[in-house]
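A structural walkthrough
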Amino acid sequence: MADSKERNVSGARPEQENIPSRRRDDGYEERLVQRRRAAQKAAALRRSRRRWRGFLAVYAVLFLILGAAGCYALYRYAAAYEASIPEHVMDKLMAETGEEQWYAYARQGAQLTVSEFENADELFSEYFNAVLRGKTFTYRKAAGAWSDDAPAYTVRAGGKDLCLVTLAPIGRNAAGFGRQLWQLGSIRPAFVMDELESVAVEIDAPVGDTVYINGLPVGEKYRIGEAPCPDLTELESRFAVQPHFDRYRVDAMYGAITVIDKNGTALAPERDEANRTVRYTAPEDEFYSVTVRAPESVRVTVGGVELGAADAVKAEAGILAGLEAYTGGQAVRELTWHYEGLYTLPEITARSADGQSLTPLMNEKGELLYFLPQDEALKAAVEPRVREFFDKYINYSSKAYNDISYQALLGCILPGTELYSYVHDSVAAMIWASATQVHYDELTFADFRSAGENCFTCTIRYKADFAATAWYESYTYDLQNAYELAFVRVDGVWYAAAMSVIAG
Amino acid sequence: MKRKTNTTSSSGGAALRALGRTGAFLGLTLLLVLIVLLGVVWVMEKGPSPTMTATFCRSMRETSAIRWIPNIFLTDEEIDAMKSQSTENADTETVNASLIHIAEGSNLSDGETAADAEPALQLIDIAQGTVKGKLLIVKDPSRVILGTSNNLGHQAGLQLTDMVAKYSGVAGINAGGFNDENGRGNGGIPWGLVITDGQLVWGNGGVRYNVVGIDGDGILRVGTMTGQEALAQGVRYGVSFVTHDGVASSLIINGEIQTQNLASGVNPRTAIGQRADGALLLLVLDGRSINTLGATLENVVDVMLQYGAVNAGNLDGGSSSVMVYGGEIINNCASVTGPRYIPTGFIVLPEGESHG
């Protein structure tokens, strides 16, 4: 219909010819045309609006359909995403695995080389209890081991990695959208006990002593050399060859360390943080002491160290004290050296001023007494007199009191001396002495040394068996003794003037 | 003349119609987009993936301007159920300083020789799956200080580039949180606590904060403590930070992951950590871009652990996350209006200088 109208409008001439002439004026026609045009335009506009609304409706519907499809796809993807989250497998594993199982996994990975003094299982158990027991077990992505095809996680506790868990896909694209479903693949121990702090143990012990670590003796294979003795004396510090301890070393220990010495006493540790070393020192429980007495002119060495007057603890005139009238003022000063707390018994030598090696006399205290070299000519001349004195002394001192013996002995002693007084005052005691027989196993007269023209000194050493009867019983005894004696000559006769018991 | 007028009127009507139709089309399109977006949000919030829902909601709630979105389809109770079990004051563990062995007098660690020495500053590109960002390893922790804006609390903050320049630093990252109501804060008012040069310059000595700080020995201190406790621990430079959901800032303490503090969405992140040899790890992970949507706090922990962190703390993230190196921002700042103005930043001093 519209088309026919349009055709009429466009072909106006035929219609105009049918219009009555009275209506055929210009204004009417023009208005008619305008109305027709307006009507046509309005119709076109309505059609356009209808089309536009239709378009919008279709557009909206299509948009919403696409949007809904997108949301549906997102919904499906979300479901696939949730199902394919590998952490869910890990969550299940963490929930189902107890602490003891983690302990087992970790133990498998804990490769620890320990010395014979430690037990790796115990060590691991202690370490686990201290570091991991009661801690929260968690897991993290293992960055180095992770791949999209095999998600990997490190199970941790207490800041330590325990094991590496790798997941494996179930089928291909099982969750859809190219996503996988996962299952447990493998659990590989990853616990590294190298992180466990180790220390070296060094033990200094007296040579020959056995020390123990955690109850086990530290064998010779751990001995790495010598160590200086602690608190070395000043004398030993001057020795050419100083005493030493043995040093033992165990390179790596991880757990508790208990070190005891040969007596079972626990040793205190001394930590050297810088060198990651713990040191122990076993004490020396057997120290030595040395006492040496020698005339001042004798050169005494101890452990290679020559001793001087400044080192002596005592300097005295000795047995010649008070006999200056007979020695002509010649003094023989005797020095005494004393040392304690020595780790070893040092070699001791003594030489006279002229280089002769001297042999010491050891008294009952272990003191070493040196005398000047013997004057053989003097000995030959005076030994009989000394022997005579000694016989009389023994005869008096070891047998029942006898006034004849007493007087005989006094006759050999210079009156006015301490020795004379000593023998004189002994009478009251000697009346109790028993009848005794004496058998000498050893009897030596030695160390004859002149101290001026009218004085000499010597020693008498003996070892004897005595058989005695005291009142109602008999008994025997052995006696080892030594005396140092000084004799002086008065009017050509030698008299004992001083006597000192130096052993016995 | 009349005809001409009609012609003009006709063309004007057509223009109006075209304009109206365009407007209608755009309006309808916008409406449709909103409807579809609502559908998307519905799927995210009510869909079949609780993981996706939680991540989505946390991501939204961590961002000041759009934290209302989760409430479209979820009740407050449902949202609360997704929050971390962490509370701001839950952490009781403290940093064990004996686990950190800082080499003195040099930049060499124990057993390290000059030949194999690590550089004093090492910038690493982080690219692990969808996680991307920058990690700056500062060998000598004494080189790191806390920078603050001018007239803290009374004046707008500084952009990090300006803050680094203020301290003549060579690098820096943003640090503590700040008052940012609806994302319109000017970075001038810090959240919580600020300690500089051993002085509590912001915050209350008796209030507990989630502190991330560095003590006088260069040891990173993270954990919950009062201002006074932080000073007692020797914290010389410190800030505090919690997320909008109250998740505390401690990520790793003494090698142990603080799992209670890891519930998070995907967002740009800033964090600081410390290795056993004392080296500080300054980490910024990008987000809110085509390149990467962001990282969860779990991702942050993963990166920190990979690079040997023994202790680590989370700092202000989102559009605040920036790292400056060589005078320029080197990460992709997520702020659409340019780098944000912030009150605090950890600043790396030039080699040879230290806070000591």
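Residues numbered from 1 in each chain as written. Chains lettered and ligands numbered in written order. Predicted model: local features only at pLDDT ≥ 70, side-chain atom pairs only at ≥ 80, totals over all residues.

1. Concerning the overall build of chain B
Helix and strand counts for chain B stand at six helices and 17 strands. A buried classification covers 47% of the 356 residues belonging to chain B. The contacts of chain B with a sequence gap of at least 6 include a subset with a gap of at least 24, amounting to 69%. (Helix = DSSP H or I, 4+ residues; strand = E, 2+ residues; numbered from the N terminus. Buried ≥ 20, exposed ≤ 12 C-beta atoms within 10 Å, placed from the backbone. Contact = placed C-beta atoms within 7 Å.)

2. A word on the overall build of chain A
Helices and strands together make up the secondary structure of chain A, namely twelve helices and 24 strands. Across the 504 residues that make up chain A, the buried fraction comes to 27%.

3. Quick look at unusual backbone geometry
All names here are of chain A. Positive phi outside glycine occurs at Asn 173, with the angle close to 55 degrees. Looking at the secondary structure, you find Asn 173 in the loop between β3 (160–170) and β4 (181–189). A tally of 13 C-beta atoms within 10 Å means that Asn 173 is categorised as partly exposed. Of note, the phi angle at Asp 447 is positive, near 60 degrees, even though the residue is not glycine. When you line up the elements, Asp 447 lands in strand β21 (residues 435–450). Assessed through the 25 C-beta atoms surrounding it within 10 Å, Asp 447 is described here as buried.

4. Looking at the sheet that holds strand β17 (residues 344–348) of chain B
Residues and elements named next belong to chain B. One open sheet holds the five strands; their spatial order is β3-β17-β4-β15-β16, and the pairing between them is antiparallel. Two strands lie at the open edges of the sheet, namely β3 (144–148) and β16 (328–329), each paired on one side alone. Judged from the five bridges that link them, β3 and β17 form a sheet pairing that is antiparallel. From the neighbouring strand, Thr 148 faces β17, where its bridge partner is Thr 344. (Pairing = 2+ DSSP bridges.)

5. Side note on the environment of A:Tyr280
All names here are of chain A. With respect to the helices and strands, Tyr 280 occurs in strand β12 (residues 277–281). Considered as a pair, Tyr 280 and Ile 203 are 77 residues apart in the sequence and their alpha carbons are 4.7 Å apart. Discounting chain neighbours no more than four positions away, the residues touching Tyr 280 are Ile 203, Val 259, Leu 267 and Pro 269.

6. Brief notes about the environment of A:Thr277
All names here are of chain A. Here Thr 277 lies in strand β12. Counting along the chain gives 77 residues from Thr 277 to Ala 200, while the straight-line C-alpha distance between them is 4.6 Å. Look past the residues within four positions of Thr 277 in its chain and what remains in contact with it is Val 199, Ala 200, Glu 202 and Asp 272.

7. Some remarks on the interface of chain A and chain B
Chain A puts 24 residues into the contact, and the matching count from chain B is 25 residues. Those elements giving two or more residues to the side of chain A that touches chain B turn out to be α3 (26–83) and β1 (138–141) of chain A. With 15 residues, α3(A) is the single largest residue contributor to the side of chain A that touches chain B. Residue composition of the side of chain A that touches chain B, by class: 14 nonpolar, six polar and four charged. (Nonpolar A, V, L, I, M, F, W, Y, C, P; charged D, E, K, R; others polar.)

8. Remarks on helix α9 (residues 376–397) of chain A
With 22 residues, α9(A) extends 29 Å between its outermost C-alpha atoms, agreeing within 8% with the 32 Å of an ideal straight helix rising 1.5 Å per residue. Along α9(A), the residues classified as buried are A:Val386, A:Phe389, A:Lys392, A:Tyr393, A:Ile394 and A:Tyr396. (Expected span 1.5 Å × (residues − 1).)

9. Looking at the nonpolar core
With 79 residues, the main nonpolar core has B:Ile252, B:Ile272, B:Leu281, B:Leu282, B:Leu283, B:Val300 and B:Met304 as its most contacted residues. Apart from the residues lying within four places of it in its own chain, the contact partners of B:Leu283 are B:Gly133, B:Leu135, B:Thr270, B:Ala271, B:Gly273, B:Val300, B:Val303 and B:Met304. Ranked by size, the runner-up nonpolar core spans 72 residues in total, among them A:Ala312, A:Leu342, A:Leu368 and A:Cys455. (Core = buried A, V, L, I, M, F, W, Y, C linked by C-beta atoms within 7 Å.)

10. Re helix α6 (residues 297–306) of chain B
All names here are of chain B. Counting buried residues in α6 gives eight out of ten residues, a clear majority hidden from the surface. Within the span of α6, buried status applies to Leu 297, Asn 299, Val 300, Val 301, Asp 302, Val 303, Met 304 and Leu 305. One or two residues past the end of α6 sits Gly 308, with phi positive at roughly 85 degrees.

11. Quick look at the sheet that holds strand β20 (residues 368–369) of chain A
Residue and element names in this part refer to chain A. Taken in spatial order, the five strands line up as β16-β17-β13-β20-β19 in an open sheet, and their pairing is mixed. The two strands at the open ends of the sheet, each matched to only one other strand, are β16 (314–316) and β19 (361–362). Note that strand β13 (residues 288–295) and β20 share two bridges and pair parallel. Bridge pairing in β20 links Val 292 to Leu 368.

12. What about the packing of α9(A) against helix α10 (residues 403–410) of chain A?
Residues and elements named next belong to chain A. At a minimum axis distance of 9 Å, the contact between α9 and α10 shows a crossing angle of 145 degrees. The crossing of α9 and α10 is left-handed. In this structure, α9 uses Lys 392, Tyr 393, Asn 395 and Tyr 396 to contact α10, whose residues at the interface are Ser 405, Tyr 406, Ala 408 and Leu 409. By residue class, the composition of the contact of α9 with α10 is five nonpolar, two polar and one charged. (Axes fitted to C-alpha atoms, helices over the stretch in contact; angles between N-to-C directions. Left-handed = near helix turned anticlockwise from the far one by under 90°.)

13. Things to note about the pairing of β13(A)
Pairing between β13(A) and strand β17 (residues 334–342) of chain A: seven bridges, direction antiparallel. Paired with A:Val292 across the bridge in β17(A) is A:Trp337.

14. Regarding the confidence of the model for chain B
All names here are of chain B. Confidence along chain B averages 85 in pLDDT terms, with 88% of residues attaining 70 or more. Low pLDDT (under 50) marks residues 85–89, which in the prediction has 13 contacts with non-local residues, meaning those over four places away or in another chain. In the model output, the complex is listed with pTM 0.59 alongside ipTM 0.72. (pLDDT = per-residue confidence, 0-100.)

15. Concerning the confidence of the model for chain A
Per-residue pLDDT for chain A has a mean of 86; in total, 91% of the residues score no lower than 70. Per-element confidence in chain A is highest for strand β6 (residues 212–213) of chain A, whose mean pLDDT is 96, and lowest for helix α1 (residues 2–10) of chain A, whose mean pLDDT is 43.

16. Let's talk about the environment of B:Leu285
All names here are of chain B. By the element assignment, Leu 285 lies in strand β13 (residues 280–285). Residue class for Leu 285 comes out buried when judged on the 28 C-beta atoms lying within 10 Å of it. Leaving out residues up to four positions away in the same chain, Leu 285 has contacts with Ile 126, Val 131, Lys 132, Gly 133, Pro 268, Arg 269, Gly 294, Ala 295, Asn 299 and Val 300.

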